[in-house]
Amino acid sequence: MRKILHYINKLKVQSKLHLFYFTAIFIPVMLIGTYLVYNSRSLLLDHYEELAYADNLRVKSLLLDMTSNIYHRAENLAGDPDLLRILGADYGANPSAEIALKNYTGFDTILSQDISVRRISVYTYNETIPANKYILPITEEVRQQDWFRQASASVTPFWSKADDADDFGNDVLSLCLYARIFLPKQNSYAILNLTLSSNHMKNRIEGSSLYTLIWLNDEGIFYRSNRTDPQYDEVTAYGAEADNHYTGPMALGNEKVIGCISPLLPSYSRDLFCVASINNSGYAYMNKITLIYLAILLLILLATTIFIYIFSQYFSRRVIALREAMHNASLGNYNVTDAFSGEDEISDAFTDLNIMIQDILRKEASIYEAQIRAQLLENQQQRMEFKMLTSQINPHFLYNTLETIRMRSIKAGCLEVANAIKLLGKSMRYVLQNTATSFTTLEKELDYINTYLAIQKLRFHDRVNYFLKIRTEIELDEYSIFPLLLQPVVENAVLHGLEEVEENGHIIIHITVKDHKLHIVIYDNGCGMTLEEIDHMQQNMRNHPEESSKSIGLYNIYHRIQLYYGSDYGIQVQSRPGLGTAVTLILPQPGPPGQSHTTTL
């Protein structure tokens, strides 16, 4: 540690500023910013995964509802005694078969009541039943179909996809349920086929911005959000086992997406549905947000780097100028320029150097005069000592003394004490500078109030919190007001308004322009006042008793405004017990240059 401090002490001031910037600002901002960008990207990924999972769950619920409905319809038809009677009868050449088919309305009832059923077909071995649009014979062509071989080998209902056409004549893949209709008396069976409406499925499923794909067993995809778009067909390679699912990033072709794939097992069949919900814009948005955050981070680092470089150059030049002036003075060259920019500690040190040089010159002159007039040496020496003493008791001496204490506090690690001393010095400087002035700008007055409240914040901690609200069209440096006009009101809000507040005390200063008047509202959320207390305060403010010191600040402010601006301006007080107090200072709005003081702050 000593070696590091020794190395730092050997550096120039500008190099120290650069070192401080990179160690205390650049590196922490870079690390924290990188972490925040990474964390934001992770949160976005989690969000999109949750959306994909929720949409996948929604689609599975809808699919289960639609397939269960089709299954129950098939179960009702398979147990319909009228249908069983028709399928099991031997009509021969009797025309009663056509009459029985005409009188049977079970198929038409289902199709008219349930829009999810697109087609109903029954394939039968009974050759005495004439073919119609619902009941069809089992021909050799039918026997060659894969679904027929599966239906002949299994008594369990099963799903299969089939080529179909929608209501507009477009080719689509439809989902069909095949189930046996047992005819025990004839020792035979028929095969029932119910086709799920693809338009109904599309209308129910497509309720989100995610891309949906559904496939059945190993038969491939039978449903996709965009029927004519074959993208993401390779999603089936991810698969989905019966007891688990996958949610997260997926590489589909040349595109990276976020999706969720999960299985759906109907309880009445051995089929396995797989549902995929894909967000194809998530990664693009994540990349966009990441680039924006990185650009902001780099912009901040670039701006701070440029600022610290310019500031270090400016600060270093001033330090070098001060050092050269001190070096010349140490060599006996007292021709030091009085022009030195700034009003900070370096300017104060330069001012003190000029004072010291002037003191040295005066002392030299005194010594020279003492050689000529020895008789007046003692009196002259006393006057000089008194003069030196009085010259040192000035604001610069006070500021430098406070700065010395502050620097020692920083060195001792008492940063809170150092900050308090800095705020106190800034506050005293403003008060001393405006003691003999009549006006100051609203910007400087608010800066002083901010310093005053910062001191109170150090004193009362969370009891005092303050906020400043200013309309964007208000230019603070264009408004001139009396110096120290707001401080008594703010002090009353802190000491009396927030007296009983233990924490979360708020002081809000709100500046607006209404009806060509400047309104400065100072609000506190303290204990508030009753109507009697408000009336008593306003009476003291207008006619203050000489023997009382209460509300003297409001009295002075009120009469300063009234005397200078007229009776249209002044102070308004609003308060309610338990809700706080709002004190409004009403002042003129600034007018064009050259206008009288009655309309210009």
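Refer to the structure above for everything that follows.
What this report covers is the structure whose coordinates are included nearby. None of the values given here were measured: they were computed from a predicted structure.

Calculation rules
- Residues numbered from 1 in each chain as written.
- Predicted model: local features only at pLDDT ≥ 70, side-chain atom pairs only at ≥ 80, totals over all residues.
- Heavy atoms only, no water.
- Phe/Tyr/Trp six-rings, centres within 6.5 Å; stacked < 30°, edge-to-face > 60°.
- Buried < 20%, exposed > 50% of the residue type's maximum accessible area, 1.4 Å probe, protein only.
- Helix = DSSP H or I, 4+ residues; strand = E, 2+ residues; numbered from the N terminus.
- Lys NZ or Arg CZ within 6 Å of the ring centre and 35° of its normal.
- Core = buried A, V, L, I, M, F, W, Y, C linked by side-chain atoms within 4.5 Å.
- Contact = heavy atoms within 4.5 Å.

## As for the packing of aromatic side chains
The tally for this structure, following the rule as stated, stands at 20 aromatic pairs. Residues Y21 and F22 carry aromatic rings whose centres are separated by 5.2 Å and whose planes lie at 70° to one another, so their mutual orientation is edge-to-face. Residue classification places F22 among the partly exposed residues on the basis of a relative accessible area of 39%. Aromatic pair F482 and Y565: ring centres 5.7 Å apart, planes at 45°, arrangement tilted. Here F482 is found in the loop between strand 13 (480-481) and helix 15 (487-497), whereas its partner Y565 is found in helix 17 (residues 552-565), with 83 residues between them in sequence. As far as burial versus exposure is concerned, F482 and Y565 are alike and both buried. One aromatic cluster is present, formed by Y123, W147, F148, F158 and Y178 through successive ring pairs. Against the face of Y189 rests R180, its NZ or CZ located 4.1 Å from the ring centre. One residue, K517, lies across the ring of Y569, its end atom 5.3 Å from the ring centre.

## Digging into the nonpolar core
If you look at the biggest cluster of nonpolar residues, it comprises 44 residues, and the most contacted ones within it are L442, I520 and L585. Contributing elements (two or more residues each) for this core: helix 14 (442-460), helix 15, strand 14 (506-514), strand 15 (517-524), helix 16 (531-542), helix 17, strand 16 (570-576) and strand 17 (580-588). No other element matches the seven residues that helix 14 contributes to this core. In this structure, I520 is in contact with L442, L486, I509, H510, I511, V583, T584, L585 and L587, ignoring residues within four places of it in sequence. Membership of the second largest hydrophobic core comes to 42 residues, among which are F107, I135, F273 and V275.

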